[in-house]
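Listed here are the chains, written in short residue letters.
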Amino acid sequence: MAKYDYDLFVIGAGSGGTRAARVSAAHGARVAVAEEYRVGGTCVIRGCVPKKLLVYGAHFAEDLKDARRFGWKVPDACEFDWKCLQENVLAEVDRINAAYTSTLESHGVEIIPERAVVTGPHSLKLAGGREVTAERILIAVGARPHVPSCPGHEHGITSNDVFHLDAIPKRILIAGAGYIANEFAGIFNEFGSKVTLINRTDVILRGYDESIRDRLLQISMMKGLDFRFHADFEGITKGKDGCLTVKMSNHEPITVDCVMFATGRVPNTDGLGLDTAGVDLDDKGAVVVDADNQSSCKSIYAVGDVTNRVQLTPVAIREGQAFADSVYGNKPTRVDYTNIPSAVFSHPPMAGVGLTEAEAKQKLGTVKVYLSDFRAMKNVLANRNERCLYKMVCEAETDVVVGLHMIGPDAPEILQAAAIAVKAGLTKQDFDDTVALHPSMAEELVLLR
Ligand code: NDP
C-alpha cells in the first residue's frame, strides 16, 4: 500500500498549480489539487483574461470616434451597455474555468473544491475536516490585492471586485500607479468615468523604461485622466448619498463614486500552516524557494506569485512545468528569468523586454540608444494626436540589442515577436538586415536611427 494518500498535493488551481498538477499526473503521479475559490486562479477568473476583454470593450470608444474619419456614419448617441459586456465577459470566464476543470479531470487529477492548510511536511487538513497525506506538497496559492490600512479603506474595491460592479462609476479614484492602476484607468476613462489616479510617489509603472512611461503619462493626461502624485491616503468617508470622500496628503480631498485600490499584491500565505512544516517565508510573506522551486522544507515546493519572483502568468506556468518535469518527468528543468517580455494594457498599450536605458547604462556603462517617435498611419487619418515611441537599447561595443521598449497600438503583439530576437542575442545590424514590412508600425523596428 502507498505510504501517502497522494504523490503530489497542490494547493491552488491557478496558472502555476494547474500546469504542475496536469503535467505531474501525465508523468504518472497520483495528484490532487485543492482550490478554495474557482479553478483557473487570478489570471482566468479575475485578472488577465477578463481584464483584456474589458480592454477590447474600451477600445471601441475610440474606434467609434475614429470611424467617422474613415467614412462611417456613427450616431452621436452611441450607447455603451456595461451589463451586456459584463455578462459576456463573465460567461467567457465560465467557459475557460470549465475547460481548465475538464483538462485536470481528463488527466486524472482529483479536484478538491475546498481550502487546504498544511499541518506538517507531508500532511494537510481540508476545510471540511478531512486530513490527507502526500509525499510532496506544492504551494501555488498566488497573491491577493494589498490594501493600505487607512481609515475607511473598507469602502474601496480591488481588482477582485471590479468585474462585478453594478454600474460604471461616474467618478472613480484609483490608488497606485502600477499595472492594474494604469490598465483600469484607461478602461474606465474610455467607458466615460472621470478618472483620478493617485500615487504615493511621482513614478508610474516603476521598472519600465522612463521615456515610455513618460509618453503614457503625457497621453493619459491628454485623454483627461487626472494624476495626483505624492498623495498618501489619509482616509475615506462615506456620505449619506453613498459618495466617497478621499483625503490625501499634499492635495485637496476629492469626492468620487468609487475608490479602487491597485497598490500591489501580497503572497497568499496567511493561515496556510507553513510554519508547521518549517517553510521559510520572506518579509513580504512569500515562500522562499531555490532555483528548483523547493522550499526550506524538502517535501514542500512553491511556484507562481506566492514566491514573489516575477508576478506574471506565463512565468508561473513555466515554473509549474519545470517543477513537474524535474520531479516527475525525469527531465531536470529550470526557468530562465532573463529577457522576460511584459506589457501593460493601457490606452495605448506599452510593452518591453530586457534592460531599460537606465538599467543598461548602470550595468554596461556605455550604450547606444535608437528611437523612433512617430504617429501611426491610422492615427494620422483619424486626426488623433497620439504618438508612438519605440526604443532600442544596444551594448555599445557589440551592438547586441539588450532592451526593446515601445508604446503605441498593438505594442504587446509586436513586442512578443521582437522579444524572440532579443532573447536570441541578435544585433542592431540583424534588425537592419531585415526588410521592412510596409506599411506597418512594426517596420519601425528595422528602420530605427
Ligand atoms: P504594481 O506593483 O504594478 O504597482 C503597485 C503600485 O502601488 C505602485 O505604483 C506602488 O508605488 C503603489 N503602492 C505599493 N504599495 C503601496 C502602499 N502601501 N501605499 C500606497 N501605494 C502603494 O502592482 P499592481 O497591483 O498594479 O499589480 C500587481 C502585479 O500584478 C504586478 O506587479 C504585475 O506583476 C501583475 N500584473 C500584470 C499585468 C500584466 O502583465 N499586464 C496586469 C496586472 C497585474 P511605488 O511604485 O511607489 O512602490
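Right above here is the structure, for reference.
Throughout what follows, the structure given in this document is the object of discussion. It should be emphasised that the depicted structure is a prediction, and the values quoted were computed from it without experimental measurement.

Focus on the overall build of the protein
Stage number 1. Per the secondary structure count, the protein includes eleven helices and 21 strands.
Stage number 2. Radius of gyration (C-alpha) of the protein: 24 Å, near the 22 Å computed for a compact globule of 449 residues.
Stage number 3. By its C-alpha atoms, the protein is 75 × 65 × 45 Å across when sized along the principal axes.
Stage number 4. Within the span of the protein, comprising 449 residues, buried residues form 51% of the whole.

Overview of the packing of helix 3 (residues 48–67) against helix 5 (residues 179–190)
The relative placement of two packed helices comes down to the angle between their axes together with the axis-to-axis distance.
Stage number 1. At a closest axis distance of 8 Å, the pairing of helix 3 and helix 5 adopts a crossing angle of 40 degrees. As the angle between them shows, helix 3 and helix 5 are arranged oblique. At the point where helix 3 passes helix 5, the crossing takes the left-handed sense. Counted together, K51, L54, V55, A58, A61 and E62 of helix 3 and E183, F184, I187 and E190 of helix 5 form the full contact between these two elements.
Stage number 2. When its residues are assigned to classes, the contact of helix 3 with helix 5 shows six nonpolar, no polar and four charged.

Remarks on the pattern of salt bridges
Stage number 1. Summed over all chains, the structure comprises 27 salt bridges.
Stage number 2. Across the pair D76 and R68 runs a salt bridge, and its minimum N-O distance is 3.3 Å.
Stage number 3. Overall, the relative accessible area of 74% leaves D76 in the exposed class.
Stage number 4. Each member of the salt-bridge network shares a partner with another, and the members are E62, D66, K223, R384 and E386.

Here's the deal with the nonpolar core
Stage number 1. Counting residues in each nonpolar core, the largest one holds 38 residues, and the members touching the most others are I174, F184 and F188.
Stage number 2. Elements represented by at least two residues in this core include exactly helix 3, helix 4 (82–106), strand 8 (171–175), helix 5, strand 9 (194–198), helix 6 (210–222) and strand 14 (258–261).
Stage number 3. Top contributing element to this core by residue count: helix 5, with five residues.
Stage number 4. Those residues in contact with F188, other than ones at most four positions away along the chain, are V162, L165, I168, P169, I172, I174, S193, V195 and M260.
Stage number 5. Counting 25 residues, the second largest nonpolar core, distinct from the first, contains A34, I300, A302 and V306.

About the cut-offs
Residues numbered from 1 in each chain as written. Predicted model: local features only at pLDDT ≥ 70, side-chain atom pairs only at ≥ 80, totals over all residues. Heavy atoms only, no water. Helix = DSSP H or I, 4+ residues; strand = E, 2+ residues; numbered from the N terminus. Rg over C-alpha atoms; globule rule 2.2 N^0.38 Å. Buried < 20%, exposed > 50% of the residue type's maximum accessible area, 1.4 Å probe, protein only. Axes fitted to C-alpha atoms, helices over the stretch in contact; angles between N-to-C directions. Parallel < 35°, antiparallel > 145°, perpendicular 65-115°, else oblique. Left-handed = near helix turned anticlockwise from the far one by under 90°. Contact = heavy atoms within 4.5 Å. Nonpolar A, V, L, I, M, F, W, Y, C, P; charged D, E, K, R; others polar. Salt bridge = Lys/Arg side-chain N within 4 Å of Asp/Glu carboxyl O. Core = buried A, V, L, I, M, F, W, Y, C linked by side-chain atoms within 4.5 Å.

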